[in-house]
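The lines below spell out each chain.
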Amino acid sequence: MRSNGYYDAIVVGAGVIGASIAYELSVKGMKVAIIEKNQPASGASGAAGGMLAAESEHFQHADLRQLALYSRSLYTGLTEQLYELTGIHCGLRSEGFLLPVESHDLEHHSRQLASAEMDSVGERPYDSEQDSVQADSSHLEWWDNQRLAREEPYIRSEHGMLYNRSEQQLIPSLLNEALVLAAVRLGAVLYRQTEVRRLLREHGEYGRATGVVTEQGVMYGEQIILASGLGSAGLIETEGYRLPFLPVKGELLEIRTPASWLNHTIYGHQIYIIPKQGNRIWIGATSKPGRIDTMVEAGSVTELLFKAQQYIPSITSGELVRCWAGVRPGTADELPYMGTLTPLPGVWMACGHYRNGILLAAGTGRIMADAVASGQSSSIPASFAPGRALQHLSRMQPETEGGTPVWN
Ligand SMILES: Cc1cc2nc3c(=O)[nH]c(=O)nc-3n(C[C@H](O)[C@H](O)[C@H](O)COP(=O)(O)OP(=O)(O)OC[C@H]3O[C@@H](n4cnc5c(N)ncnc54)[C@H](O)[C@@H]3O)c2cc1C
């Protein structure tokens, strides 16, 4: 193990993905540097709603569905470990989600949700080859209007709602903070307000990456992990490659209510309403493809309130505490970029988690840390390989076949 400015691994970006990888690498005893150009959770991670919607998101791609279920299964244990190491509660809540759907057919929903033999408490093994989807409706219930009125007196619904007890949610900024602090407690070094400008490579521009060049100087590392969200595109570009991202802006607002008006997350069509501690309710989120600014438009506030009012009519009488915006790091096929970059030896990527990076962070951290520590990327699904969309700037052709590159 190297010391004095030499690291086993350098993680670029202290959003929830970089923080999770840094934490898992530190658990393995590796000497880790985390380099963040602003502050931890200052990117998309600090703007998220915090839903761990492994089933409600209806992932179509089997690898993504598998990662989502695996990742959600880690959160109960992970947040306990983080609390022991840091004293930070991540606000994990396991009351489940309510889905305003039309059909009462639980078998139909369980098939749709592709919820293979799931247990919300037990940790699920990760197996990228496995897609054992069986209809199991044991964690789903139909709540008719009477049940709903008993459980959630402030909700209005014509038909009742589908209750999924397996879904969870937490406070993303606390998760991000706890992961960074836990990594630091285990020996990682955090460099805040330090922007990585480019990679350092052996033999000029062609060799293995041996470190990074920052505003403050050079840092050396055996493995470089780019977990820099949308910022990863610029770093790849300095190496002569293009990796396309599709940014999608989202806005949320927080309402404080006089009493507890909601106990379960409502996961509706183009709207979610999430109960948080202290009688707070988060309402989100807009979806604005191609927008990278973080201004909250007044019209978005009225749009979100209008949609939320359909489920909780009294919501507009609550106090509007704050509203905020962030930019989801999307990709053309809505799959993350995870794995090595063949033209850049020594470099790993973990970014592009689009609208589910909080959900996917725990699993991504575990899988990436295993791969980086062993030097083997074979446990990462091939469908996540960044090479599917990587383009050499001088040639402007995808490096590998497959995938549908979309350039921004
Ligand atoms: C409005 C909204 C709601 C969302 N809701 C949910 C939700 O409910 N559930 C869910 O699972 N997901 C949700 N998401 C998605 C989730 O927030 C993202 O997928 C996730 O945060 C991505 O994490 P990240 O670490 O890859 O990126 P980021 O959090 O953006 O972190 C990247 C970090 O890298 C740093 N960086 C960039 N370039 C450099 C550089 N050159 N040098 C050093 N540092 C650099 C940045 O400053 C940043 O801190 C939501 C997103 C938004 C915007």
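The coordinates are above.
Rules behind the numbers
Every residue gets a number counted from 1 within its own chain, in the order that chain's sequence is written. It should be noted that, the model being predicted, local features are given only for residues of pLDDT at least 70 and side-chain atom pairs only at 80 or more, the latter also being counted only at that level, while totals for whole chains, interfaces and linings use all residues. To obtain each axis, a line is fitted to C-alpha atoms, and for helices this fit is confined to the stretch in contact; angles are then taken between N-to-C directions over 0 to 180 degrees. Each helix corresponds to a stretch of at least 4 residues labelled H or I by DSSP, and each strand to a stretch of at least 2 residues labelled E; elements are numbered beginning at the N terminus. The scheme is simple: roughly parallel for angles under 35 degrees, roughly antiparallel for over 145, roughly perpendicular for 65 to 115, oblique for anything else. Should the near helix be turned counterclockwise from the far one by less than a right angle, the crossing is left-handed, whereas a clockwise turn marks it as right-handed. For the purpose of contact definition, each residue receives a C-beta atom placed from its backbone, and two residues are in contact when these atoms lie within 7 Å. Between any two strands, pairing holds if DSSP finds at least two bridges. Burial is judged by counting other C-beta atoms within 10 Å of a residue's own C-beta: 20 or more means buried, 12 or fewer means exposed, and anything between counts as partly exposed, with every C-beta placed from the backbone.

Peer 1: Help me out: how do you make sense of the packing of helix α1 (residues 16–27) against helix α5 (residues 172–185) in this one?
Peer 2: Helix-helix packing: each pair is described by the crossing angle between the helix axes and the interaxial distance. Viewed as axis vectors pointing N to C, α1 and α5 meet at an angle of 30°, and their least axial separation amounts to 8 Å. Overall, the two elements α1 and α5 adopt an arrangement that is roughly parallel. Crossing handedness for the pair α1 and α5: left-handed. Here V16, A19, S20, A22, Y23 and S26 of α1 come into contact with α5, specifically with P172, L175, N176, L179, V180, A182 and A183.

Peer 1: When you look at the pairing of strand β10 (residues 209–214) in this model, what are you seeing that I'm missing?
Peer 2: Strand residues, when the strand is regular, have side chains that alternate between the two faces of the sheet. The pairing of strand β9 (residues 196–201) with β10 spans five bridges and is classified as antiparallel. If you follow L199 over to β10, its bridge partner there is V212. In this sheet, strand β11 (residues 217–226) lies alongside β10 in antiparallel orientation, the contact comprising four bridges. Within β11, the residue paired with T214 across the bridge is G217. Taking the residues between adjacent antiparallel strands as the criterion, β10 and β11 are bridged by two residues.

Peer 1: Would you mind going over unusual backbone geometry with me for this structure?
Peer 2: Leaving glycine out, the prevailing phi sign among residues is negative, and the prevailing peptide bond configuration is trans. Geometrically, the link from G284 to A285 is a cis peptide bond, its omega value of -20° lying close to zero. Phi at Y354 is positive, roughly 45°, even though this residue is not glycine. The residue Y354 is located in the loop between β20 (347–351) and α8 (357–374) in this model. Take Y354: there are 21 C-beta atoms within 10 Å of it, and that puts it in the buried class.

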